[in-house]
Number of protein chains: 2
Amino acid sequence: MKVSLVKNILEANERIAQQNRGLFDEKGLMVVNLMSSPGAGKTSLLEKTIDALKDEVRIGVIEGDVQSSQDAERIARKNIPVVQINTGGACHLDGNMIRETFDQFDFDGLDLLVVENVGNLVCPAEFQVGEDFKAMILSVPEGDDKPAKYPLMFHESSVLLINKIDLLPFLDVSVDNIRKEALNVNPSLIIFEISCKTGQGLDAWFDWLKARIADQNRR
Amino acid sequence: MKVSLVKNILEANERIAQQNRGLFDEKGLMVVNLMSSPGAGKTSLLEKTIDALKDEVRIGVIEGDVQSSQDAERIARKNIPVVQINTGGACHLDGNMIRETFDQFDFDGLDLLVVENVGNLVCPAEFQVGEDFKAMILSVPEGDDKPAKYPLMFHESSVLLINKIDLLPFLDVSVDNIRKEALNVNPSLIIFEISCKTGQGLDAWFDWLKARIADQNRR
């Protein structure tokens with residue numbers, strides 16, 4: 001009973017996510033579902049990405065948080081369209097929450113929509129929102145045992161950004177171990193090692209993302 | 001419909017948690033529900049606490065993880081009773097999962113049971129397991145905006161341990177801000193600033209915990 005109920009919720013979400021996906025395709029919009037633990041650096045990565053790409057790529061953002069509008073306020077300072085979703089307790093975004101923001105965006109004026117999910121390494125991985133791909137951040141202070149302990153998130157993501165590498169000298173954490181464990185869960189993960197604080201490694205991410213958007217536009 | 005369903009799940013859990021609580025009271029056992037984001041330092045704090053208290057306090061541990069038994073193996077090296085719960089996807093522990101471990105413990109031989117919850121700053125706060133109190137860890141790399149963004153966890157916890165303070169010189173994070181924001185959500189929070197790596201601040205936590213257990217035993 002409980003299992004079938006959960007299955008129904010996931011199936012209902014899947015239908016709505018596919019409707020979202022249809023609209024995004026029609027508009028030629030690339031959508032990234034950005035996920036991580038709390039405080040791993042989702043909003044910082046977004047700020048850096050907007051700064052680097054905004055002259056070439058028209059970006060919109062959906063900010064998901066249990067509560068508060070701090071992240072949307074940070075993004076709004078970049079003068080790009082942003083909508084805050086407060087889940088009011090729910091631990092992830094779903095397709096319906098995303099759909100409810102549609103009337104607040106002009107999708108014809110956008111190339112890229114980034115959905116910043118609730119900070120949570122478990123639940124968001126279960127729910128599609130209509131994205132082209134999921135990207136996740138693991139910050140090095142979280143430790144190199146996370147892929148084995150939270151495998152679904154690593155399994156569902158296409159991109160892993162290993163953030164805060166400026167802190168490595170002060171931690172007993174190995175990026176090689178993170179890579180090995182993450183690829184063990186998902187051998188096709190595309191991995192970037194970055195520091196949103198120092199900027200190290202970010203160019204490779206920007207270049208990859210721009211190429212991916214250009215590729216989509218050619219189709 | 002959805003709301004009443006969620007309410008039913010929480011109410012059913014509440015009943016089981018109260019039955020657990022009744023058994024723990026009968027056995028004179030103090031139970032701590034330990035929660036945090038992934039990688040904030042729950043298992044490290046447990047290791048340090050066991051090392052410091054095990055000559056005076058008989059400790060048992062329940063390890064909750066979505067997957068893997070790495071944490072239980074770490075704790076087992078301390079030669080204390082430990083049971084691993086793998087939730088197989090679920091993002092929190094509940095009363096029933098705890099009850100299912102009972103036949104693996106001799107509660108008469110224990111003073112303190114620590115339940116290490118799944119690493120998640122959202123969902124575990126909603127579920128009682130029969131604990132005396134909830135303790136949470138926030139590690140400073142997660143940032144000082146977390147109490148406003150994940151208020152329920154801070155609201156439900158009696159104790160906040162601010163961990164990894166050895167990293168403060170390398171972060172743009174203020175412990176004063178964490179304290180202020182956390183107390184804003186929950187003015188009765190008892191706060192410890194600690195580093196499980198250097199040991200800084202841990203003595204105050206050990207002393208507080210020992211006093212609390214002694215207090216319970218006197219009742």
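Here, the structure is the one placed above.
Overview of the structure. (Residues numbered from 1 in each chain as written. Chains lettered and ligands numbered in written order. Predicted model: local features only at pLDDT ≥ 70, side-chain atom pairs only at ≥ 80, totals over all residues. Heavy atoms only, no water.)

### Some points on the overall build of chain A
A count of helical and extended segments in chain A gives eight helices and seven strands. Here chain A has a C-alpha radius of gyration of 17 Å; the compact-globule value for 219 residues is 17 Å, and the two agree. Projecting the C-alpha coordinates of chain A onto the three principal axes gives extents of approximately 50 × 45 × 35 Å. A burial count over chain A gives 56% of its 219 residues as buried. Long-range pairs, those at least 24 residues apart, make up 72% of the contacts in chain A with a sequence separation of at least 6. (Helix = DSSP H or I, 4+ residues; strand = E, 2+ residues; numbered from the N terminus. Rg over C-alpha atoms; globule rule 2.2 N^0.38 Å. Buried < 20%, exposed > 50% of the residue type's maximum accessible area, 1.4 Å probe, protein only. Contact = heavy atoms within 4.5 Å.)

### A short note on the pattern of salt bridges
Enumeration according to the criterion identifies 25 salt bridges over all chains in this entry. A salt bridge links A:Lys78 to A:Asp51, with the nearest nitrogen and oxygen atoms 3.1 Å apart. Taken together, the residues span a long stretch of sequence, with A:Lys78 in the loop between α3 (70–76) and β3 (82–86) and A:Asp51 in helix α2 (residues 42–53) at a distance of 27 residues. Between B:Arg179 and B:Glu193 there is a salt bridge, with its nearest N and O atoms 2.8 Å apart. With B:Arg179 in helix α7 (residues 175–185) and B:Glu193 in strand β7 (residues 190–193), the pair connects residues that are 14 residues apart, well separated along the chain. Residue classification places B:Arg179 among the partly exposed residues on the basis of a relative accessible area of 28%. Because the salt bridges share partners, they merge into one network encompassing A:Asp71, B:Asp145, B:Lys146 and B:Lys149. (Salt bridge = Lys/Arg side-chain N within 4 Å of Asp/Glu carboxyl O.)

### Details of the interface of chain B and chain A
Taken residue by residue, the interface counts 34 residues in chain B and 34 residues in chain A. Here chain B packs against chain A, burying approximately 2800 Å² in sum over the two surfaces, 57% of which is carbon and sulfur. Together, B:Pro38, B:Lys149 and B:Phe170 form the three largest contributors to the area buried by chain B at its contact with chain A, with a combined 21%. Taken together, the links from chain B to chain A amount to two salt bridges. Taking the shortest distance from any N to any O, the salt bridge between B:Asp71 and A:Lys149 comes out at 2.8 Å. (Buried area = accessible area lost by both parts, 1.4 Å probe.)

### Description of the sheet that holds strand β5 (residues 133–139) of chain B
All names here are of chain B. Spatially, the seven strands line up as an open sheet ordered β3-β2-β4-β1-β5-β6-β7, and their pairing is parallel. Sheet topology places β3 (82–86) and β7 at the edges, where each strand pairs with a single neighbour. The sheet shows a mean angle of 20° between the axes of neighbouring strands, direction not considered. Pairing analysis gives five bridges linking strand β2 (residues 59–65) to β3, with the strands arranged parallel. The residue of β3 that forms the bridge with Ile 62 is Val 83. Contacts between helix α2 (residues 42–53) and the sheet are confined to β1 (30–36), β2, β4 (112–116), β5 and β6 (159–163), with β2 contributing the most and set at about 175° to the helix. Sheet strands in contact with α7 are β5, β6 and β7, and its direction is about 160° off that of β6. (Pairing = 2+ DSSP bridges. Axes fitted to C-alpha atoms, helices over the stretch in contact; angles between N-to-C directions.)

### Considering the packing of α2(A) against helix α8 (residues 202–218) of chain A
Two quantities define a packed helix pair, namely the angle between the helix axes and the distance between the axes. Residues and elements named next belong to chain A. The contact between α2 and α8 brings their axes to 11 Å, and the two run at 65°. Here the hand of the crossing between α2 and α8 comes out right-handed. On α8, the residues that touch Leu 45, Lys 48, Thr 49, Ala 52 and Leu 53 of α2 are Leu 202, Trp 205, Phe 206, Leu 209 and Lys 210. When the residues that make up the contact of α2 with α8 are grouped by side-chain class, the tally is seven nonpolar, one polar and two charged. (Left-handed = near helix turned anticlockwise from the far one by under 90°. Nonpolar A, V, L, I, M, F, W, Y, C, P; charged D, E, K, R; others polar.)

### A word on the side chain of A:Asp94
Residue and element names in this part refer to chain A. Structurally, Asp 94 can be placed in the loop between β3 and α4 (95–99). A distance of 3.1 Å separates the side chain of Asp 94 from the backbone nitrogen of Asn 96, its partner in a polar contact. Those residues in contact with Asp 94 that lie beyond four places of it in its chain are Asn 13, Phe 127, Gln 128 and Val 129. (Polar contact = N/O pair within 3.5 Å; in protein donor to acceptor, adjacent residues only side chain to side chain.)

### Digging into the pairing of β6(B)
All names here are of chain B. Taking burial as the measure, the five residues of β6 include five buried ones, the bulk of the element. With burial as the criterion, each face of β6 is covered, one bearing Val 159, Leu 161 and Asn 163 and the other bearing Leu 160 and Ile 162. Inspection of the sheet shows β5 paired to β6 by five bridges, in the parallel sense. Bridging from a neighbouring strand, Met 136 pairs with Leu 160 of β6. The sheet contact formed by β6 and β7 spans four bridges and is parallel. Bridge assignment links Ile 162 to a residue of β7, and that residue is Glu 193.

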